[in-house]
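This is what each chain is made of:
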Amino acid sequence: MPRRKFDKDSVDLPVESLTERDSAIKQYFSKAEVQYVGSTSSCGCDFPHATLQNGKWPELEYVSDAEKDELEIARDISDRKNREALLALLRTTGDNMVEVYGVWDGDFANGPQAQENISVNDLLGPNFRFKEQGFYKLYLERGTDV
């Protein structure tokens, strides 16, 4: 069965075909169709993420809702909105599993520094963060643990 592109009109996230400059990233995917997906800020910056520093991702401290300030609460809302929009977009492919690779612009030839299988439950969890240079196989069946 041929792989389908994302339905660009189904959600409010930007979806673009890769340019020749970006095409080196295709080597890491198992499927022929690879597209760029941005967050609500147009780039990927508004997807919840952990930045790679000295070969590791810093520990993320859990802050209880009672300790959060207005900025942190707004970030949580944005994070949730972006994760839900991404999930809705990825489901338009009709595939049971999709691959997601989080990299900064220009890092397209760099190999993954982490590889993980995640479920919808993982993605929608309140403390989920994409690891910079993390490659994910996201299983789209709700309730499926991987």
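What counts and how
Residues numbered from 1 in each chain as written. Predicted model: local features only at pLDDT ≥ 70, side-chain atom pairs only at ≥ 80, totals over all residues. Heavy atoms only, no water. Phe/Tyr/Trp six-rings, centres within 6.5 Å; stacked < 30°, edge-to-face > 60°. Helix = DSSP H or I, 4+ residues; strand = E, 2+ residues; numbered from the N terminus. Buried < 20%, exposed > 50% of the residue type's maximum accessible area, 1.4 Å probe, protein only. Salt bridge = Lys/Arg side-chain N within 4 Å of Asp/Glu carboxyl O. pLDDT = per-residue confidence, 0-100. Pairing = 2+ DSSP bridges. Axes fitted to C-alpha atoms, helices over the stretch in contact; angles between N-to-C directions. Expected span 1.5 Å × (residues − 1). Contact = heavy atoms within 4.5 Å. Polar contact = N/O pair within 3.5 Å; in protein donor to acceptor, adjacent residues only side chain to side chain.

Side note on the packing of aromatic side chains
Right, so step 1: Inspection of the entire model under this criterion finds seven aromatic pairs.
Right, so step 2: On the basis of an interplanar angle of 75 degrees and a centroid distance of 5.7 Å, the ring pair of Y28 and Y101 is categorised as edge-to-face. You can see Y28 sitting in the loop between strand 1 (15-17) and strand 2 (35-37) and its partner Y101 sitting in strand 4 (residues 97-102), a full 73 residues away along the chain.
Right, so step 3: Where F130 meets Y136, the ring centres are 5.3 Å apart and the plane angle is 80 degrees; that geometry is what we call edge-to-face.
Right, so step 4: Here F130 falls in the buried class, since its relative accessible area comes to 8%.

Details of the pattern of salt bridges
Right, so step 1: Going through the model one piece at a time under the given rule, you end up with seven salt bridges.
Right, so step 2: One salt bridge connects K68 with D76, and the closest N-O pair in it is separated by 2.2 Å.
Right, so step 3: Across the salt bridge formed by R80 and E84, the nearest N and O atoms sit 2.6 Å from each other. Placement of both R80 and E84 in helix 1 (residues 70-91) is noted, with a separation of four residues, approximately one turn of the helix.
Right, so step 4: One continuous salt-bridge network, built from bridges that share partners, spans R21, D22 and D105.

Points about unusual backbone geometry
Right, so step 1: One non-glycine residue, S42, lies in positive phi territory at about 80 degrees.
Right, so step 2: Tracing the backbone through its elements, the reader meets S42 in the loop between strand 2 and strand 3 (49-50).
Right, so step 3: Phi at Q133 is positive, roughly 60 degrees, even though this residue is not glycine.
Right, so step 4: Inspection of the secondary structure assignment puts Q133 in the loop between strand 6 (130-131) and strand 7 (134-139).

A look at the confidence of the model for the protein chain
Right, so step 1: Across the protein chain, pLDDT averages 85, with 84% of residues at or above 70.
Right, so step 2: Across the protein chain, the element-wise mean pLDDT spans from 88 in strand 3 up to 96 in strand 7.

Thoughts on the sheet that holds strand 5 (residues 114-119)
Right, so step 1: The strand order 4-7-5 describes an open sheet built from three strands, whose pairing is mixed. The sheet is open, and its two borders are formed by strand 4 and strand 5, each paired with just one other strand. Across this sheet, the average inter-strand angle for adjacent strands is 20 degrees, counted without regard to direction.

Some words on helix 1
Right, so step 1: Spanning 22 residues, helix 1 covers 32 Å between terminal C-alpha atoms, matching the ideal 32 Å at 1.5 Å per step.
Right, so step 2: If you check which residues of helix 1 are buried, you get D79, N82, R83, A85, L86, L87, L89 and L90.
Right, so step 3: Of the surrounding secondary structure, the elements contacted by the buried residues of helix 1 are strand 1, strand 2, strand 4, helix 2 (120-124), strand 6 and strand 7.
Right, so step 4: The N-cap residue of helix 1 is D69: its side-chain oxygen and the backbone nitrogen of L71 are 3.1 Å apart.

Regarding the pairing of strand 7
Right, so step 1: Across six bridges, the pairing between strand 4 and strand 7 is antiparallel. Bridge pairing in strand 7 places E99 opposite K137.
Right, so step 2: Direction of pairing for strand 5 relative to strand 7: parallel, over a ladder of six bridges. Across the sheet, residue I118 finds its bridge partner in strand 7, namely L138.

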